[in-house]
Structure formats: C-alpha cells, structure tokens
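Listed below are the residues making up each chain.
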Amino acid sequence: MQLLVHGGAGSTPEEPERRRKVLERAAETGAERPTPVGAVEAAVGVLESSPRFNAGVGSAVQSDGRIRTDAGIMTDDRSVGAACSMPDVEHAVEVARIVMEETPHGFVSGEHAVSLAEAFGVETGVDLWSERTREKWADLEPPAGGTESELEWIRERYGRTDPDGRDEQGAEIDADAADLDHDTVGAVAFDGKSLAAATSTGGRWLALAGRVGDVPQVGSGFYCCPSTAVSATGAGEDIARVTLSKRVAGHVERGLDADAAAELAIEEFAELTGATAGVIAIDARGRLGSAYNSDGMQTARATDR
C-alpha cells in the first residue's frame, strides 16, 4: 500500500509541525488497511477528528451559524459515493462510502444523508466546533433576517484572498479565517492493483447556508479511474468550474506521470481562474504527485512496506 494525504492548500498554517504529525499519523493509519478504499477512508477519518483541519471537528461555519460537512470517495472501477450539507456529522467520508457501497446512488445530501448515516451506525449530532471557530464566530455579528440579509453580509466576508491579504472587495481578511477556507483534507492510495481517492471538508468560512463546493462533486474535489487517483483542495467554485481532479487524471492518461500531471493541471487552473488550489495524485504505476499555487500545502506519505 502506498498512501499520500494532504491537509489543504492555503496560507502558511499556525503550528505546522503539529499539523504535520497528525498528517503522518493519518497516513500511517491508512497504510495499515488492506484495501485502497479502506486506506483513504481511514486516513481521512483521522484528519476529520483533528480540529487543526477544516473537515469534521473544526470545520468552517456557514452564514446561519451551522457547520455542515461534505465528502466524496471513488475507486478505479469508477464506483463513487458522495454526501454533502450534513449538520453535525464528523466522519463525512464514512457516509460517502456508505452511499457508494450500500445505495444505488452516487450522491445524497442534507438531512437525508444524516438519516442514512444514522441507519448505518455513523455517529451524528457531534459537536464540530473547535476553540478557534468558536472564537471567530463570537467576534461576528450575523444579521437578523432571511437569506437576503445573509447574502449582503457574506458578500463582504466571503471570497478568495489575494497576495496582500484582501478579499475580492478589497476588505482585509483575518488570516485565521482564511485558513479555514482551505484546510480541506484528502487522500489517495494504491496497493499495486487498484486505486482509490477521498476528500472531506467543512466548506468555506461564512458561505451562504447550504452552499456546496467542489469536494463532493465527482471530477472536481476528487476523482479516480484506472489510471489515477486524485484529491483536490482550494477555491471550491473555481475547482468545480475546471473539474480540476479529472484534469489531472486526463494528463496521466495522455502519458504524464502523476507529478507532472499535477503540476500542469495547477498551472492551467491558475491561468483559467486566477485562484489558488492544490492537488495530490497517484498513478497506476505507483508514482506520486502533488502541486499547489497557494502559500503552502502540507502532505504526508506512508507505505505498508
């Protein structure tokens, strides 16, 4: 088993060594599993339980003060499962796998995904707030009113940051809140015979309630086919617009190795969108790849040999 995990592409994180230790533990945990799909689920599950990442515990908060989680998982026979907009579900990746293996569907959302999780023994009703997210939310004054009020409020707070730390409207953005936009987690694995990929997130800080980004969308936040397994992270709307993960796989299918394919896809992504993102990949020859155009993207690798 070869396994590569990421902790999100974004600004330089606080306490990077502590985050790296969690990533290494996640990779080691996943590499102990007997199958690639089990490996990516286990690795992502470790990261979902850590408040240092934007997935599961410690996820970003939406405009109504709720935390909702999303995830997707896929294998090289193109079996796929995704779940999104799940309040108070820590292990979104487990729900995505249930969708893939236990239902005739590829994607289940909202309260129905939570009910599915409960039916198969996945814990729900979990407190996903971390100390960091509680402090950030407490500093805000969300509007009283409906969707129109929320939209007006989030327009001043939501959006990618440019190099001088300002949003699309020119307002200064708090660095800690910006981190929460990009700390999505993911994993790719290969055991010499088959491939798997998984990605999980808590979304972007102060998105409109119910917003769904790239992570649970096949070909955008994750993708797997006979040639490649890919997990992406970054500016979700832009990742979805260019189907970034599938773009990486397409380059492998045209003859590039995983690393060259990842580098080319990120170059194209930057040219097309002007946004930041990162990807990790592994191809069917066991070659690993990663690339990003943000300030950083922490990764860890493990093998069972």
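Note: the structure precedes this text.
Heads up: these notes are all about the structure in this document. Each chain has its residues counted from 1, following the order in which its sequence is written. Confidence filtering applies because this is a predicted model: local features only for residues at pLDDT of at least 70, side-chain atom pairs given and counted only at 80 or more, and all residues used for totals across whole chains, interfaces and linings. Heavy atoms from the whole structure form the basis of all side-chain values; hydrogens and water molecules are not counted.

Before going further, it helps to examine the overall build of the protein chain. In this text, helices come from DSSP runs of H or I with a minimum length of four residues, and strands from runs of E with a minimum of two, each type numbered from the N-terminal end. Helices and strands together make up the secondary structure of the protein chain, namely ten helices and eleven strands. Throughout this description, buried means an accessible area under 20% of the type-specific maximum (1.4 Å probe, protein chains only), exposed means over 50%, and partly exposed covers the range between. Counting all 305 residues of the protein chain, 58% fall into the buried class. In what follows, residue pairs with any heavy atoms lying within 4.5 Å of each other are defined as contacts. Contacts in the protein chain between residues at least 24 apart in sequence constitute 68% of all its contacts with a sequence separation of at least 6. Two residue types count as positive, namely Lys and Arg, and two as negative, namely Asp and Glu; His and chain ends fall outside the count. Throughout, a charge is located at the NZ atom of Lys, the CZ atom of Arg, the CG atom of Asp or the CD atom of Glu. Across the protein chain, the 29 positively charged side chains and the 53 negatively charged ones have centroids separated by 4 Å.

Strands sit in the order E4-E3-E2-E6-E5-E1-E11 across an open sheet of seven strands; the sheet is mixed. With partners counted over all chains shown, the strands left at the sheet margins are strand E4 (107-109) and strand E11 (296-303), one partner each. The sheet shows a mean angle of 10 degrees between the axes of neighbouring strands, direction not considered. Strands pair, by our definition, only if DSSP identifies at least two bridges between them. Alignment of strand E5 (residues 185-190) against strand E6 (residues 195-201), held across six bridges, turns out to be antiparallel. Counterpart to Val 185 in the pairing with E6 is Ser 200. Running at roughly 35 degrees to E11, helix H1 (residues 16-31) makes contact with strand E1 (2-10) and E11 of the sheet. Running over the sheet, helix H2 (residues 36-48) touches E1, strand E2 (68-75), E5 and E6 and is turned about 155 degrees from E5. Helix axes are fitted only over the stretch in contact, all axes being lines through C-alpha atoms; the angle between N-to-C directions runs from 0 to 180 degrees.

Within this document, salt bridges are pairs made up of a side-chain nitrogen of Lys or Arg and a carboxyl oxygen of Asp or Glu, the two lying within 4 Å of each other. All chains considered together, the criterion is met by twelve salt bridges. We note a salt bridge from Arg 204 to Glu 237, for which the minimum N-O separation is 3.9 Å. On the criterion of sequence distance, the pair formed by Arg 204 in the loop between E6 and strand E7 (222-225) and Glu 237 in helix H8 (residues 236-241) is long-range, its members being 33 residues apart. Residue Arg 204 is classed as buried on the basis of its relative accessible area, which comes to 5%.

The subject of this paragraph is the sheet that holds strand E8 (residues 228-234). Strand order in the open sheet formed by four strands is E7-E8-E9-E10, and the pairing between neighbours is antiparallel. Strands with a single pairing partner mark the edges of an open sheet, and in this sheet they are E7 and strand E10 (288-292). With strand direction ignored, the average angle separating the axes of adjacent strands in the sheet is 10 degrees. When E7 meets E8, the two strands line up antiparallel, connected through four bridges. If you follow Cys 224 over to E8, its bridge partner there is Ala 229. Lying on the sheet, helix H10 (residues 258-273) is in contact with strand E9 (277-283) and E10; it crosses E10 at an angle near 20 degrees.

Structurally, Gly 219 can be placed in the loop between E6 and E7. Other than its neighbours up to four places away in sequence, Gly 219 contacts Thr 243, Leu 244, Ser 245 and Lys 246.

Before going further, it helps to examine the environment of Val 230. As for its position among the elements, Val 230 is in strand E8. The class of Val 230 is buried, set by a relative accessible area of 0%. Each C-alpha atom, one on Val 230 and one on Val 95, is 19 Å from the other, the two residues being 135 residues apart in sequence.

Moving on, we come to the nonpolar core. In this structure, Leu 3, Val 5, Val 40, Ile 73 and Met 86 are the most contacted members of the largest nonpolar core, which totals 42 residues. Ignoring sequence-local partners within four residues, the contact set of Met 86 consists of Ile 67, Arg 68, Thr 69, Ala 92, Val 95, Gly 110, Ala 113 and Val 114. As used here, the term nonpolar core means buried Ala, Val, Leu, Ile, Met, Phe, Trp, Tyr and Cys residues forming a set that is joined through side-chain atoms within 4.5 Å. Judged by nonpolar contacts, the second largest core, of 19 residues, contains Leu 244, Val 252, Ile 266 and Ala 275.

Think of an α-helix as 3.6 residues a turn; residues three or four steps apart then line up on the same face. Of the positions making up helix H5 (residues 131-138), those classed as buried are Thr 133, Lys 136 and Trp 137. Projected down its long axis, H5 shows its buried positions confined to an angular sector of 95 degrees, all on one face. Exposed and facing more than 90 degrees away from the buried side of H5 are Glu 131 and Ala 138. The arc in question is traced by the directions running from the helix axis to the C-beta atoms.

Further remarks concern the packing of helix H9 (residues 244-253) against H10. How two helices sit against one another is set out by the angle between their axes and by the gap between those axes. Running from N to C, H9 and H10 point in directions that differ by 135 degrees, and their axes come no closer than 8 Å. Relative to H10, the element H9 lies oblique. In this structure, H9 meets H10 at a crossing whose hand is right-handed. On H10, the residues that touch Leu 244, Arg 247, Val 248, His 251 and Val 252 of H9 are Ala 258, Ala 261, Ala 262, Leu 264, Ala 265, Ile 266, Glu 268, Phe 269 and Leu 272. Just so you know the grouping, Ala, Val, Leu, Ile, Met, Phe, Trp, Tyr, Cys and Pro go in nonpolar, Asp, Glu, Lys and Arg go in charged, and all remaining residues, Gly too, go in polar. In terms of residue class, the contact of H9 with H10 is built from eleven nonpolar, one polar and two charged. Throughout, the term roughly parallel applies to angles under 35 degrees, roughly antiparallel to angles over 145, roughly perpendicular to angles from 65 to 115, and oblique to all others. Crossing handedness: left-handed means the near helix sits turned counterclockwise from the far one by under a right angle, and right-handed means the same turn made clockwise.

Here the focus is helix H3 (residues 92-102). Burial of H3 is extensive: eight of the eleven residues sit out of reach of the surface. All of the buried residues along H3 are Ala 92, Val 93, Val 95, Ala 96, Arg 97, Ile 98, Val 99 and Met 100. The inward-facing, buried residues of H3 contact H2, E2, strand E3 (80-87), E4, helix H4 (110-119) and E6.

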